[in-house]
Amino acid sequence: MNIKPLGDRVLIKSCESEETTKSGIVLPGSAQEKPQMAEVLAVGPGGVVDGKDVTMHVKAGDKVIYSKYAGTEVKFDGEEMILVRQNDILAIVE
Amino acid sequence: MNIKPLGDRVLIKSCESEETTKSGIVLPGSAQEKPQMAEVLAVGPGGVVDGKDVTMHVKAGDKVIYSKYAGTEVKFDGEEMILVRQNDILAIVE
Amino acid sequence: MNIKPLGDRVLIKSCESEETTKSGIVLPGSAQEKPQMAEVLAVGPGGVVDGKDVTMHVKAGDKVIYSKYAGTEVKFDGEEMILVRQNDILAIVE
Amino acid sequence: MNIKPLGDRVLIKSCESEETTKSGIVLPGSAQEKPQMAEVLAVGPGGVVDGKDVTMHVKAGDKVIYSKYAGTEVKFDGEEMILVRQNDILAIVE
Amino acid sequence: MNIKPLGDRVLIKSCESEETTKSGIVLPGSAQEKPQMAEVLAVGPGGVVDGKDVTMHVKAGDKVIYSKYAGTEVKFDGEEMILVRQNDILAIVE
Amino acid sequence: MNIKPLGDRVLIKSCESEETTKSGIVLPGSAQEKPQMAEVLAVGPGGVVDGKDVTMHVKAGDKVIYSKYAGTEVKFDGEEMILVRQNDILAIVE
Amino acid sequence: MNIKPLGDRVLIKSCESEETTKSGIVLPGSAQEKPQMAEVLAVGPGGVVDGKDVTMHVKAGDKVIYSKYAGTEVKFDGEEMILVRQNDILAIVE
């Protein structure tokens, strides 16, 4: 069983925020928009989405920072995942 | 009797969420947007919708994850179905 | 006397929902958007509407499902009719 | 003295709704959008309006159904008239 | 000293509404949008405004009907004037 | 030290409104949009802003009327300045 | 470890406002939009963002004025940083 995102959707899995690690990224709670670090699990094909041509810039395995409240949560084999638009992914962390 | 969706509309039938199956997808309730798993029953022809060219990427028989509150419910021969725009379908589950 | 819709407007007449018929379509009440079955009486010519080219896909005599609150009611020779945009027609029922 | 509408504006004069006439159009009150029958008095030249090319499809003398709250009322020689956009005219009645 | 409107802005001076004149235009108060008669004092050059090409259709000296609350009031040499977008001018009165 | 506006941004310095001067412009307070007279200090390069090509029509030294609440205040060497989009500048005063 | 912004995103680090420095920029608190001075740390590649072609005009090391509430805060190695769209950067300070 396998989730294949459509269009510019990206399937991600939120990482635990590592507040104690020295070089870890700690994402503070914010009332408006709670940023999150996540790992990309699957990426839609892009193409024309809502009349606009979208090229995908993230790939499975990327660690990304995203805007949490923009996505839709799904639970799969006991794991919580999130479907977001690529536009809600703010940055790649290398 | 037969429902033929227009434009980018898709006719889907919500699946019961299988909360006890090990490999089943369980969709948690969310206050803003309640995701759902469904089976595609019929697909509109796409084409120019609201001035934008839409290609249909789902087909009858696909299992999909969609955003529940975006659609319109219809009851047909005792079965509840939902008409959604393809844009409200987030992913295909294989 | 004759009502000729302009642009992408469609003149429809709501059907009584046949809740007892086995193969009839029963449309449940919904708080946000109340779907309806209707018969198309007259169809606008389409063309450029609000800067977008619209092709009409419904014709007089079609049975359609539409979003009720999007239209404008008119009464004509004692009959209640509704003027909707074609975009508010979700599907054709055959 | 003469009112010349600009762009896609149309000058109309509301007709009294003929509730008792058998073949008259009776427009029921609606909380959201109160439709009205009116006669077209003058029509703007159309052309590029808000970046979109508009062709005028109504002409002086047409009887039309329009959405009342969209327009702007003016009083001229004791007569009440309304300036609406052509887009707020739903249908021509012949 | 001289006010030169930019883009599609038009400088107008509101006329006193002549409620007693037989052939005068009387503009009734409206809660949403209070129409007004005014004289055009100066007209912007038009051109590309907000990504759309605008041609100016009014000129200094024109008597116009406009939507009052859309503009910005300025006082100059003791006279009250208003800066409106041409789109808020509904008709020319000749 | 030097502020260089980006895109269609314009750096302006509000002028004191000269309420007593005979030929001065007096800008009345308004609840919705408080117009202001200002001097242009620096002008962005224009170009493609939000997908639209913008040509700058104001230059340093121009006296302008602008919509106050649209801008962002900055204080520099003890002087209060405002960064506005050119679109919020309504007219040039000569 | 390294944050690479996507599209038109820019990673910035807010500067302490130097209220006592004579030639420093002091940014007053504002209820609607609190401007801030910041240093650019990393810049996205631009390109097609939301269907519009974006060219990046800021680079790492630039001192900029931005609209604070538009961005998303991240904490990295104990330092607070902000991810903003380039459009929320108002000016470069040299």
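How each quantity is defined
Residues numbered from 1 in each chain as written. Chains lettered and ligands numbered in written order. Predicted model: local features only at pLDDT ≥ 70, side-chain atom pairs only at ≥ 80, totals over all residues. Heavy atoms only, no water. Salt bridge = Lys/Arg side-chain N within 4 Å of Asp/Glu carboxyl O. Helix = DSSP H or I, 4+ residues; strand = E, 2+ residues; numbered from the N terminus. Buried < 20%, exposed > 50% of the residue type's maximum accessible area, 1.4 Å probe, protein only. Contact = heavy atoms within 4.5 Å. Pairing = 2+ DSSP bridges. pLDDT = per-residue confidence, 0-100. Polar contact = N/O pair within 3.5 Å; in protein donor to acceptor, adjacent residues only side chain to side chain.

Colleague: Which parts of the structure should I look at to understand the pattern of salt bridges?
Modeller: One side chain can pair with another of opposite charge once the charged atoms of both are near each other. The tally for this structure, following the rule as stated, stands at 42 salt bridges over all chains. In this structure, the salt-bridge partner of Glu-39 of chain A is Lys-63 of chain A, at a minimum N-O distance of 4.0 Å. Pair noted here: Glu-39 of chain A is in strand 4 (residues 35-43) and Lys-63 of chain A is in strand 7 (residues 63-67), with a separation of 24 residues, a long-range link. For Glu-39 of chain A, a relative accessible area of 31% corresponds to the partly exposed category. Its relative accessible area of 32% is what places Lys-63 of chain A among the partly exposed residues. For Lys-13 of chain G, the salt bridge goes to Glu-79 of chain G, with nearest N and O atoms at 3.7 Å. With Lys-13 of chain G in strand 2 (residues 9-14) and Glu-79 of chain G in strand 9 (residues 79-85), this pair connects stretches of sequence that are 66 residues apart.

Colleague: Help me understand the side chain of Asp-8 of chain A, please; the structure alone is not making it clear to me.
Modeller: Residue and element names in this part refer to chain A. Along the polypeptide, Asp-8 turns up in the loop between strand 1 (3-5) and strand 2 (9-14). By relative accessible area, Asp-8 is classed as buried at 8%. Once residues within four sequence positions are removed from consideration, Asp-8 is found in contact with Gly-46, Val-49, Val-54, Met-56, Val-84, Arg-85 and Gln-86.

Colleague: Is there a simple way to explain the pairing of strand 8 (residues 72-76) of chain E in this structure?
Modeller: When a strand is regular, its side chains alternate between the sheet's two faces. Residues and elements named next belong to chain E. A one-sided burial pattern is seen for strand 8, the buried positions being Thr-72, Val-74 and Phe-76 and the unburied ones Glu-73 and Lys-75. Note: strand 8 against strand 9 (residues 79-85), five bridges, orientation antiparallel. By the bridge assignment, Phe-76 is partnered in strand 9 with Glu-79. Between the end of strand 8 and the start of strand 9, which pair antiparallel, lie two residues, with Asp-77 showing a positive phi angle near 50°.

Colleague: What exactly am I supposed to notice about the confidence of the model for chain A here?
Modeller: Interpretation of the predicted coordinates at a detailed level should be avoided for regions scoring low in pLDDT. Residues and elements named next belong to chain A. Model confidence for chain A is summarised by a mean pLDDT of 82, while 78% of its residues fall at 70 or above. Confidence drops under pLDDT 50 across residues 18-22; counting only partners more than four residues distant or on other chains, this segment forms five contacts. Throughout residues 29-33 the model reports pLDDT below 50, and contacts reaching past four residues in sequence, or to other chains, amount to six contacts.

Colleague: What exactly am I supposed to notice about unusual backbone geometry here?
Modeller: A negative phi angle characterises most non-glycine residues, just as the trans form characterises most peptide bonds. A positive phi angle, near 55°, is found at Asp-50 of chain A, a position not held by glycine. With respect to the element layout, Asp-50 of chain A can be found in the loop between strand 5 (47-49) and strand 6 (52-54).

Colleague: Explanation requested: the environment of Leu-41 of chain B in the structure shown.
Modeller: All names here are of chain B. Its place among the elements puts Leu-41 in strand 4 (residues 35-43). Using a relative accessible area of 35% as the deciding quantity, one classes Leu-41 as partly exposed. Placed 20 residues apart in sequence, Leu-41 and Gly-61 show a C-alpha to C-alpha distance of 6.3 Å. Those residues in contact with Leu-41 that lie beyond four places of it in its chain are Leu-11, Ile-12, Lys-13, Ala-60 and Met-81.

Colleague: What am I meant to see in the side chain of Asp-62 of chain A here?
Modeller: All names here are of chain A. Mapped onto the elements of the fold, Asp-62 is located in the loop between strand 6 and strand 7. Judged by its relative accessible area of 9%, Asp-62 is buried. Within polar-contact distance, the side chain of Asp-62 engages the backbone nitrogen of Lys-59 at 2.9 Å. Once residues lying within four places of it in the same chain are set aside, the contact partners of Asp-62 are Ala-38, Glu-39, Val-40, His-57 and Ile-92.

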